[in-house]
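Read off the chains here:
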Amino acid sequence: MSLKPSIANPQRHLPASSKAQAPRSRGADNHKVPNDLELKNTLNQSPETNDEHSGSLITVLIAVGANLVIAIAKTVAAFMTGSASMIAEAAHSWADAGNGTLLIVAEKKSIKPADKSHPLGYGKESYVWSMIAAFGVFTAGSIVSIYTGIKEWNATESETNYTIGFIVLAVAFVLEGISLVQAYRQSKKHGEALDISALGYVVDTSNPTLRGVFFEDLAAVIGLVIAAAAMGMHAYTGEPYWDALGSIIVGLLLGIVAIFLISRNRDFLVGHRVTDRMHEYVLSELLNHPDIDSVSYLHLEWVGPKKIFMVAAVDIAGNQKEEHIAQKFEEIENLFRSNPVFQEAILTLSEPNADTLTLPDIVTPL
């Protein structure tokens, strides 16, 4: 006998504060539960789930404000110096400011509650807008910088005072550094809760806005060093190709960052499964429920920043009637739905004689 999965109900996806938090049932210690800080912090109401949205929004706002000021200053310096590297940096900052606005849109769109047309919510909107922002880095940043460098490669040398350019780059370095430190602190905070590095967290996180700000700011800081070195070599040697070379290198750097961000957003848009360790932890939660004998299938997929869609096939303990099984399913599903990390949880009966899932003795690494 089997039951069809329950239909996703938009009314179930209410904020955690509006739901009664049912205590999670635990069975006898028949199954080994991974003692993993990452999973316990991720699947409980920790900084990982409670304040990440507000933290990401603050990070993006700081980045946008810094980029607007820097873009204006770089544009003025570019006109005054005629430096190809400064022109590339100005284009880069304007692109970052525009992209930051798109990331704010991503944050706002992704938290819309589920409705009839989108029963799993609007979480993937975040990846759509973040991908558009990444394309902006590639087109307005990378292509413009490379084109400017190629165009200025054989430019005629002219008398230029680069003092204003170096001053702007120094100020930009400080402002971009502040934005990068904010993104790093947020990544480090959540990374420590998961027992991983800040860089490891920002690469693997389901939060695309934090990843976008972090890598764009990192590229900006590195680009400023490259631009300063290129302008310095131009001023020292009198050869304009140094300046052009700096612009090309900055463009290539932005291209690499953009391709990486596009790839990561694509991964989550097409359906990105959770880590093996998180998969094992959720499996342990199911196996330790007193009403579940075994699990034959478990699918966990990100459907938005820190939002998981779960489908599991289980065998209910005892020989119960269909209506009792349906009631048990609803109770267990609601335990997972009460956790804000789960956008939806659906259970169905395992096929007769189906192979069951077991927990490994050692939790696999991320």
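About the thresholds
- Residues numbered from 1 in each chain as written.
- Predicted model: local features only at pLDDT ≥ 70, side-chain atom pairs only at ≥ 80, totals over all residues.
- Heavy atoms only, no water.
- Buried < 20%, exposed > 50% of the residue type's maximum accessible area, 1.4 Å probe, protein only.
- Helix = DSSP H or I, 4+ residues; strand = E, 2+ residues; numbered from the N terminus.
- Pairing = 2+ DSSP bridges.
- Core = buried A, V, L, I, M, F, W, Y, C linked by side-chain atoms within 4.5 Å.
- Contact = heavy atoms within 4.5 Å.
- Polar contact = N/O pair within 3.5 Å; in protein donor to acceptor, adjacent residues only side chain to side chain.
- Expected span 1.5 Å × (residues − 1).
- Right-handed = clockwise from strand over helix to strand, strands pointing away.
- Axes fitted to C-alpha atoms, helices over the stretch in contact; angles between N-to-C directions.
- Parallel < 35°, antiparallel > 145°, perpendicular 65-115°, else oblique.
- Nonpolar A, V, L, I, M, F, W, Y, C, P; charged D, E, K, R; others polar.
- Salt bridge = Lys/Arg side-chain N within 4 Å of Asp/Glu carboxyl O.

(A) Broad picture of the pairing of strand β3 (residues 307-316). Taking burial as the measure, the 10 residues of β3 include 8 buried ones, the bulk of the element. Pairing of strand β2 (residues 292-304) with β3 involves 10 bridges; the strand directions are antiparallel. The partner of S294 across the bridge, within β3, is D315. In this sheet, strand β4 (residues 342-349) lies alongside β3 in parallel orientation, the contact comprising 7 bridges. Residue pairing across strands places A312 opposite L347, the latter belonging to β4.

(B) Seen up close, the nonpolar core. L286, L298 and M310 are the most contacted members of the largest nonpolar core, which totals 28 residues. The contacts of L298, once residues within four sequence positions are left out, are H279, V282, L283, L286, M310, V311, A312 and L357. Ranked by size, the runner-up nonpolar core spans 27 residues in total, among them A134, V137, V257 and I262.

(C) Representation of the environment of V221 in the model. On the secondary structure map, V221 appears in helix α8 (residues 208-237). Under the relative-accessibility criterion, V221 is labelled buried at 14%. C-alpha of V221 to C-alpha of L180: the two residues are 41 residues apart in sequence and 8.3 Å apart in space. If we ignore the near neighbours within four places in the chain, the residues touching V221 are F173, E176, G177 and L180.

(D) The side chain of S142, seen in detail. On the secondary structure map, S142 appears in helix α5 (residues 125-151). Residue class for S142 comes out buried when judged on its relative accessible area of 4%. For S142, the side chain forms a polar contact with the main-chain oxygen of G251, separated by 2.7 Å. Those residues within four positions of S142 in sequence are excluded, and the remaining contacts are V137, G251, L254 and G255.

(E) Seen up close, α8. With 30 residues, α8 should reach 44 Å at 1.5 Å per residue; the first-to-last C-alpha distance of 43 Å fits that figure. Just beyond α8, the residue with positive phi is G238, at close to 80 degrees.

(F) Highlighting the pairing of β4. Counting buried positions over the 8 residues of β4 gives 8, a clear majority of the element. At this point the chain moves from β3, through helix α11 (residues 322-337), to the parallel β4, and the crossover so formed is right-handed.

(G) The packing of helix α4 (residues 84-110) against α8, seen in detail. Running from amino to carboxyl end, α4 crosses α8 at an angle of 170 degrees, the nearest separation of the two axes being 11 Å. The angle between α4 and α8 places the two elements in the roughly antiparallel class. Each of S85, M86, E89, H92, D96, N99, L103, A106 and E107 in α4 lies in contact with α8, whose residues at this interface are T209, G212, V213, E216, A219, A220, G223, L224, A227, A230 and M231. Classifying every residue of the contact of α4 with α8 gives 10 nonpolar, 6 polar and 4 charged.

(H) Spatial organisation of unusual backbone geometry. In this structure, K306 is a non-glycine residue whose phi angle is positive, near 55 degrees. By the secondary structure assignment, K306 is in the loop between β2 and β3. Among the residues examined, K306 registers a relative accessible area of 11% and is labelled buried. At N353, a residue that is not glycine, the phi angle is positive and equals roughly 60 degrees. On the basis of relative accessibility, which here comes to 80%, the residue N353 falls in the exposed class.

(I) Broad picture of the environment of P360. The residue P360 is located in the segment after β4 in this model. Separated by 80 residues in the primary sequence, P360 and E280 have C-alpha atoms spaced 8.1 Å apart.

(J) Main features of the sheet that holds β2. With mixed pairing, the 4 strands of this open sheet are ordered in space as β1-β2-β3-β4. Edge positions in the open sheet fall to β1 (272-273) and β4, since each of these has one partner strand only. As paired strands, β1 and β2 are joined by 2 bridges and run antiparallel to one another. By the bridge assignment, R273 is partnered in β2 with E301. In the packing of α11 onto the sheet, contacts are made with β2, β3 and β4, and the angle to β4 comes to roughly 155 degrees.

(K) Highlighting the pattern of salt bridges. All chains considered together, the criterion is met by 10 salt bridges. In this structure, R264 and D267 form a salt bridge, with 3.1 Å as the shortest nitrogen-oxygen distance. With R264 and D267 both in helix α9 (residues 241-269) and 3 residues apart, the pair spans about one turn of that helix. The class for R264 is buried, based on a relative accessible area of 10%. With its nearest N and O atoms 2.8 Å apart, the salt bridge here joins D276 to R273. Exposure remark for R273: the relative accessible area of 42% places this residue in the partly exposed category. Overlapping salt bridges, with partners in common, bring together E330, E333, R337 and E344 in one network.

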